[in-house]
Amino acid sequence: MDFGVFLSLLMFAVFMVMILVGYNVAFSFASTALSFALIGDITGHFKPETLGALPSKWAGTLENPELLAVPLFVLMGAVLERSGVAERLLNAFGMIMGPLRGGVAAAVIVVGTLLAAATGVVAATVIVMGLLSLPAMIRLGYDHKLATGAIVASGTLAQLLPPSIVLILLAQQIGVGILGLFAGALIPGLMLSLLYVIYVLAVSYFKPELGPAMPPEERQLVGNPGAKASLLIAIILGGVVALVTLLISASIAFYAFAITFVISFLISYFGKMLATEGLVAIVPVLALIAGVLVSIFQGVATPSESGAVGVFGALLLGILNWVFDKLLIAEGAEHITPKWRLTPKAMGEAGRSTANITILVMTLLFSSTFFSLMFFQLGGSDQMGDWLSSIGGGKFGFVLVAMIAVFLLGVNLEFLEITFIVVPIFVPAMEVLEFTNFDKIWFSVLMAVNLNMAFISPPVGFSLFYLQSVAPPEVKTADIHKGAIPFMILQGVALVLLGVFPGITRFSWELFSTA
């Protein structure tokens, strides 16, 4: 083995030891790269002048418009969390699905799926769902394991459902278009969510004590919207839906407004307060998510531009949430505490959380670029590519080994760290094995599903710790870990299905990327 290749492999080993014992990942990237640059220069296996390529690489990263989607989608989710929209959505879905055994847990999964699609950040989704839904499920008598499992599994979908930050960064690292990757991941993500819902409903049906139905008295809301309030609500909801469908066609937008207006008015006027609460909670959020995705898939806007529209939409939903509060309180609602939530303090918190995540991403990106350059210059990338491409079984053999490696790393590392550590190693092997554009999308979707499984795997899955940090005292750590296992098995089943039948991802990719 060439000594330069030996140095590159030793550099990678030292880096792994540093992060596994707890050193900061970004600083570990930079320090090992700098140290082995010095060793390589002394031994004559590295030319320091090649580091001159770093500034241009960093400048290219800063100029990449696709990465602008990261802070925008994070900010969109942060605004939705602090505006009260997420809380209203969860309460409405819970009451609507409450009569079913396991209905509240199923509602948590549905809402978690929607929030995952809106936030793109696992920690935010799991923590918000834990704060809002776990105390309510415990009060209803839900089994702690079933309740916590539903929260961590649905919240972790933020890694898979577009506009996921994981997908954005994978697209950038692997070299595929964000649009195609979003399209390929949509149906697999919804498939996982459906598996979760079927599981909680089936378990609760056969074992009612695990997921009891919500008592009828808890589903009663005081008040009855009159004709004027119902008319105003119908106009607002019709306008929101029309704005989204306007992205497709002006004629469709007119019919969408008319249909939404009529249906919303009838439901609000004749369905009383519970039906109205469901309307004002669910329709705007669905419209926002649909608007963002439609604008991307229709080619109306780039992912970054859609992120900006998403932030504006989240702010608009926060205002509408306050307007709906005022309307329903005037009609006798007692379940609402009127409060303007988009205060300067709340917006400042949203901005700070967005800045923290963005700075983390960019710091890792800059440091990993330095590390990748050193690894390539010492010959490590070519050697790893040769080894990985020579695995028996061709593409499927390589994918199997890669998935095992990603899962093992995902137990101990965040998705950002894994993306910047192993993906640059996988890419050369993909080139040797002649991965097509779709093959790379399929591999990225498998990797995102795999990270979902790793993130809830006991005893050190990150989502488990996120929920543990906000769980009530009566919920034991063991319950959270045991509750994740059935959902982890479902994720494993989905990973196998998507791996054995790439046509699922291809169908999603072809359906939405050409929408």
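Predicted model, so just to flag it, every value in this text is computed and none were measured. Sequence order sets the numbering: in each chain, residues are counted from 1 along the sequence as written. For this predicted model, a pLDDT threshold of at least 70 governs which residues receive local features, and a threshold of 80 or more governs which side-chain atom pairs are given and counted, while totals over whole chains, interfaces and linings are taken from all residues. Heavy atoms throughout the structure, all of them, feed into the side-chain values; hydrogens and water do not.

### Comments concerning the confidence of the model for the protein chain
A residue-level look at the protein chain finds 96% of positions with pLDDT of 70 or above and a mean pLDDT of 84. Predictor confidence is given residue by residue as pLDDT, running from a minimum of 0 to a maximum of 100. Labels follow the DSSP assignment, with helices taken as runs of H or I lasting at least four residues and strands as runs of E lasting at least two, numbered in each case from the N terminus. Ranking the elements of the protein chain by mean pLDDT puts helix H15 (residues 380-389) last, at 68, and helix H10 (residues 178-206) first, at 93.

### Description of the packing of aromatic side chains
By convention, a stacked pair of Phe, Tyr or Trp rings (six-membered ring in the case of Trp) has centres within 6.5 Å and planes under 30 degrees apart, an edge-to-face pair has planes over 60 apart, and any other such pair is tilted. Summed over the entire model, instances satisfying the criterion amount to 20 aromatic pairs. Their ring planes at 45 degrees and their centres at 6.5 Å tell us that Phe-12 and Phe-15 sit as a pair that is tilted. Taken together, the positions of Phe-12 and Phe-15, both in helix H1 (residues 3-20) and three residues apart, correspond to about one turn of that helix. Buried means the residue's accessible area, taken with a 1.4 Å probe over protein chains only, is under 20% of the maximum for its type, while exposed means over 50%, and partly exposed covers the values in between. Judged by relative accessible area, which is 22%, Phe-12 ranks as partly exposed. Taking relative accessible area as the criterion, Phe-15 reaches 0% and is therefore assigned buried.

### Things to note about the nonpolar core
By size, the foremost hydrophobic cluster in this structure holds 173 residues, and its most contacted members are Phe-398, Val-422, Phe-443, Met-447 and Phe-487. The biggest single contributor to this core is helix H12 (residues 250-297), with 15 residues. Apart from residues no more than four positions distant in its own chain, Val-422 is found in contact with Val-406, Leu-409 and Met-447. Residues belong to a common nonpolar core when they are buried Ala, Val, Leu, Ile, Met, Phe, Trp, Tyr or Cys residues joined through side-chain atoms within 4.5 Å. Any two residues whose heavy atoms approach within 4.5 Å are treated as being in contact.

### Here's the deal with the side chain of Thr-358
Its place among the elements puts Thr-358 in helix H14 (residues 344-377). With a relative accessible area of 19%, Thr-358 lands in the buried category.

### Re the environment of Ala-183
Checked against the element boundaries, Ala-183 lands in helix H10. The spacing of Ala-183 and Pro-486 is 303 residues in sequence and 28 Å in space, taken between C-alpha atoms. If near-sequence neighbours (up to four positions away) are discounted, Ala-183 is found in contact with Phe-297, Ser-508, Trp-509, Phe-512 and Ser-513.

### Focus: the environment of Glu-510
With respect to the helices, strands and loops of the structure, Glu-510 is situated in helix H21 (residues 503-513). Classification of Glu-510 by relative accessible area gives partly exposed; the value is 40%. Placed 193 residues apart in sequence, Glu-510 and Leu-317 show a C-alpha to C-alpha distance of 32 Å.

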